[in-house]
Amino acid sequence: MQQLPPQPAYVLHSRPYRDSSLILVLLTPDYGRIVCIAKGARRDKQRRQRALQPFAPLLVTLLGRHELKTLGPLENAGQPLWLKGRAVYAGLYANELLVRLMPEGESQVSIFVAYQNLLQRLASLSGEKSDELELPLRIFELQMLQALGSCPELDYCSLEGAAIRPDGVYRLTLEEGFVPVAVPPGQALRGADFVGGQLLALAQLLAEDTLFESRTAPQGQLGDAKRLTRLLLSPMLGQRPLKSRELFRQVYCAD
């Protein structure tokens, strides 16, 4: 049986398979999203199943020539990151995005690094306030979308062949990215319209992003980032709602 080289990995999703096994969706740097069978994992509750928890860094060996691999030997690659309160749901949201949007079997090192950084940020939060989740989630969403080729350049207008102008107005289109539009004075911008200065601020936010730097961003900037990521994610996710988002609402938004 073919054995792939050991890979760092995180469990994005798991479900029971037959009497004692699990079907796992893993995130790895070299193979991106990959699906495998963990044989007997539900029977070995003292060790193997306990290791296969979300947000725990692993070193895994995958076996097999076919698309559906078999999980071989695995090791803990560090301490699990204990997320608290609302941060747990933010982590589950990121997992669900990756399961639904990442192609299977394609190397995505930048997404793996962005996910690691997100978990470390979330683990540092109290989990008591939703506001504290906004910056790490928006940075992760934008980094993921850029890596997947689904986010236009934030500082360049391909239609004009020039840099985004701070005082210009640009409309997000799925075909051409940001295109310049003329908006009469006093007329409100549409939902997909952005002032050039807003886009340049978001580009700067991503360019300056570092793991160990405690960062805050103006509320308006976070609102711009959220509006942009929602516009980009909506056609990719389709009509099927995100389970993690619904679960968060049930827990924290119930009357």
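Residues numbered from 1 in each chain as written. Predicted model: local features only at pLDDT ≥ 70, side-chain atom pairs only at ≥ 80, totals over all residues. Heavy atoms only, no water.

**Q** Any chance you could break down helix α6 (residues 219–237) for me, citing the residues and the numbers?
**A** Its 19 residues give α6 an end-to-end C-alpha distance of 26 Å, which sits within 8% of 27 Å, the value for a rise of 1.5 Å per residue. Of all the residues in α6, the buried ones are Gln221, Leu222, Asp224, Ala225, Leu228, Thr229, Leu232, Leu233 and Leu237. Of the surrounding elements, those touching the buried residues of α6 are α2 (86–101), α4 (134–147), β8 (169–173), β9 (177–180), β10 (193–195) and α5 (196–207). In the stretch just after α6, glycine 238 is the one whose phi turns positive, near 70°. (Helix = DSSP H or I, 4+ residues; strand = E, 2+ residues; numbered from the N terminus. Expected span 1.5 Å × (residues − 1). Buried < 20%, exposed > 50% of the residue type's maximum accessible area, 1.4 Å probe, protein only. Contact = heavy atoms within 4.5 Å.)

**Q** Tell me about the pattern of salt bridges, and name the residues and values.
**A** A complete count under the given rule lists eight salt bridges for this structure. The salt bridge involving aspartate 167 is made with arginine 165; its shortest N-O contact spans 3.9 Å. What makes aspartate 167 exposed here is its relative accessible area of 65%. The exposure class assigned to arginine 165 is partly exposed, which follows from its relative accessible area of 37%. In this structure, arginine 249 and glutamate 246 form a salt bridge, with 3.1 Å as the shortest nitrogen-oxygen distance. Of this pair, arginine 249 and glutamate 246 both sit in helix α7 (residues 243–252), three residues apart, roughly one helical turn. Here the residues in one salt-bridge network are Glu134, Arg138, Glu141, Lys226 and Arg230, joined through shared partners. (Salt bridge = Lys/Arg side-chain N within 4 Å of Asp/Glu carboxyl O.)

**Q** Now, about the environment of isoleucine 23: what can you tell me, with residues and values included?
**A** In this structure, isoleucine 23 sits in strand β2 (residues 21–28). When the C-alpha atoms of isoleucine 23 and alanine 203 are compared, they prove to be 38 Å apart, with 180 residues separating the residues in sequence. When residues no more than four places from it in sequence are discounted, the contact partners of isoleucine 23 are His13, Ser14, Arg15, Tyr17, Val35, Cys36 and Ile37.

**Q** Talk me through the nonpolar core; I want residue IDs and the actual numbers.
**A** By size, the foremost hydrophobic cluster in this structure holds 55 residues, and its most contacted members are Leu98, Tyr115, Met144 and Leu228. Not counting the four nearest positions on each side in its chain, leucine 98 is found in contact with Leu12, Leu27, Arg33, Ile111, Tyr115, Phe140 and Met144. Grouped together as the second largest cluster of nonpolar side chains are 17 residues, Cys36, Ala38, Ala41 and Leu58 included. (Core = buried A, V, L, I, M, F, W, Y, C linked by side-chain atoms within 4.5 Å.)

**Q** Break down the packing of helix α3 (residues 109–123) against α4 for me, citing the residues and quoting the values.
**A** Between α3 and α4, the shortest axis-to-axis distance is 9 Å and the interhelical angle comes to 175°. One way to sum up the angle between α3 and α4 is to call them roughly antiparallel. Touching Ser110, Ile111, Ala114, Tyr115, Leu118, Arg121 and Leu122 of α3 are Pro136, Leu137, Phe140, Gln143, Met144 and Ala147, all from α4. Tallied by class, the residues present in the contact of α3 with α4 amount to ten nonpolar, two polar and one charged. (Axes fitted to C-alpha atoms, helices over the stretch in contact; angles between N-to-C directions. Parallel < 35°, antiparallel > 145°, perpendicular 65-115°, else oblique. Nonpolar A, V, L, I, M, F, W, Y, C, P; charged D, E, K, R; others polar.)

**Q** Explain the packing of aromatic side chains residue by residue, including any values.
**A** In the structure shown here, the tally under the stated rule is five aromatic pairs. Arranged with centres 5.2 Å apart and planes meeting at 70°, the rings of tyrosine 10 and tyrosine 115 form a pair that is edge-to-face. With tyrosine 10 in strand β1 (residues 7–17) and tyrosine 115 in helix α3, this residue pair connects regions lying 105 residues apart in the sequence. Residue tyrosine 115 is classed as buried on the basis of its relative accessible area of 0%. Here arginine 227 stacks its cationic end above the ring of phenylalanine 194, 3.9 Å away from the centre of that ring. (Phe/Tyr/Trp six-rings, centres within 6.5 Å; stacked < 30°, edge-to-face > 60°. Lys NZ or Arg CZ within 6 Å of the ring centre and 35° of its normal.)

Spatial relationships are all this shows, so hold off on functional conclusions.
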